[in-house]
Amino acid sequence: MIRHQPIADGELADVRGRLQTRPRDLVAWALARFAPERRVVVTGLQVEGVAVASMALELDPTVRLLTIDTGRLPRATHRYLAELRAHWDRDIEVVHPDPRQLDTFTRHHGVDAFYRSPQLRLDCCHIRKVAPLERALADVDCWMTGLRREQSAGRATTPAIELDDRHGRIVKVNPIAGWTDVQVRAYVEERGVPVHPLYAQSYRSIGCDPCTRPVAANEDRRAGRWWWEQGSEKECGIHAAPLRVVPAGRS
Ligand code: SF4
């Protein structure tokens, strides 16, 4: 795989030092630093990613926006995607799992294999989320996300900008890493950007339909993700290394 040289260590340190607490300036830097076709905002259509997309769109109305359709998203997410496209009057790219990988997996393990073991859950996440994103990021030098430190213990040290070793050492920008829930909500509300309708039904983190449930007020925000797993990291593998990797040829 041929990549552009994304960034030198010195530049990374300089940008981090100057811009890590200035989300809009950090996004502006990324937009100016990388060619338009080689930078992308990736969002799971949760409020954080939508805030970053909104921030980037204000700076560059043509910026690439991308989401993953796992094939198991809630219908509300599809409706919300259409709503966002209409709101911004522009396209949002959608990537999908490889149908052959998916067919092999579901024929061997069933369509709801994720309930049966942590490894099958991770395999499903790999095929439906991780691998499609890897293919999409193979052609970019920089991606921007809505990751925040407040979201979970595992994300508590998320930097505003980093080299993403898991995707070929491209630049990963998490401009609102230090924001609170209140800041994120205020940002989108001030701009009149619609938010995912499931938030109004007590969801606090929204993923695939069979793997997400609403949470009670006293529960952790990610308690509704893969709630049947005990002690798991509540990660699909996109942002954090999975507990186990899919053996070569397994899928
Ligand atoms: Fe599969 Fe559930 Fe992961 Fe979606 S969240 S990819 S359905 S295991």
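Engineer: Help me out: how do you make sense of the overall build of the protein in this one?
Structural biologist: A count of helices and strands for the protein gives seven helices and six strands. When the helices and strands of the protein are placed in sequence order, the string is α-α-β-α-β-α-β-α-α-β-β-β-α. Over its C-alpha atoms the protein spans a radius of gyration of 18 Å, differing by no more than 12% from the 18 Å that the globule rule assigns to 251 residues. With the C-alpha coordinates of the protein rotated into their principal frame, the extents come out at 50 × 40 × 35 Å. Residue burial in the protein is summarised as follows: out of 251 residues, 53% are buried. Long-range pairs, those at least 24 residues apart, make up 70% of the contacts in the protein between residues at least 6 apart in sequence. Total accessible area on the protein is roughly 11,700 Å²; 51% of this is exposed by carbon and sulfur atoms. Counting 37 positive and 33 negative side-chain charges, the protein places the centres of these two groups 3 Å from one another.

Engineer: What should I look at first to understand the packing of helix α2 (residues 23-33) against helix α3 (residues 47-59) in this one?
Structural biologist: If you want to describe how two helices pack, look at the angle between their axes and the distance between the axes. For the pair α2 and α3, interaxial distance at closest approach is 10 Å and the crossing angle is 60°. One way to sum up the angle between α2 and α3 is to call them oblique. Of the two possible hands of crossing, α2 and α3 adopt the one that is right-handed. Every residue of α3 that contacts α2 at P23, R24, V27, A28 and L31 is listed here: M55, A56, E58 and L59. Here the contact of α2 with α3 is built from residues that sort into seven nonpolar, no polar and two charged.

Calculation rules
Residues numbered from 1 in each chain as written. Predicted model: local features only at pLDDT ≥ 70, side-chain atom pairs only at ≥ 80, totals over all residues. Heavy atoms only, no water. Helix = DSSP H or I, 4+ residues; strand = E, 2+ residues; numbered from the N terminus. Rg over C-alpha atoms; globule rule 2.2 N^0.38 Å. Buried < 20%, exposed > 50% of the residue type's maximum accessible area, 1.4 Å probe, protein only. Contact = heavy atoms within 4.5 Å. Areas by Shrake-Rupley, 256 points an atom, 1.4 Å probe, with all protein chains shown as cover. Lys, Arg positive; Asp, Glu negative; His and termini not counted. Charge placed at Lys NZ, Arg CZ, Asp CG, Glu CD. Axes fitted to C-alpha atoms, helices over the stretch in contact; angles between N-to-C directions. Parallel < 35°, antiparallel > 145°, perpendicular 65-115°, else oblique. Left-handed = near helix turned anticlockwise from the far one by under 90°. Nonpolar A, V, L, I, M, F, W, Y, C, P; charged D, E, K, R; others polar.

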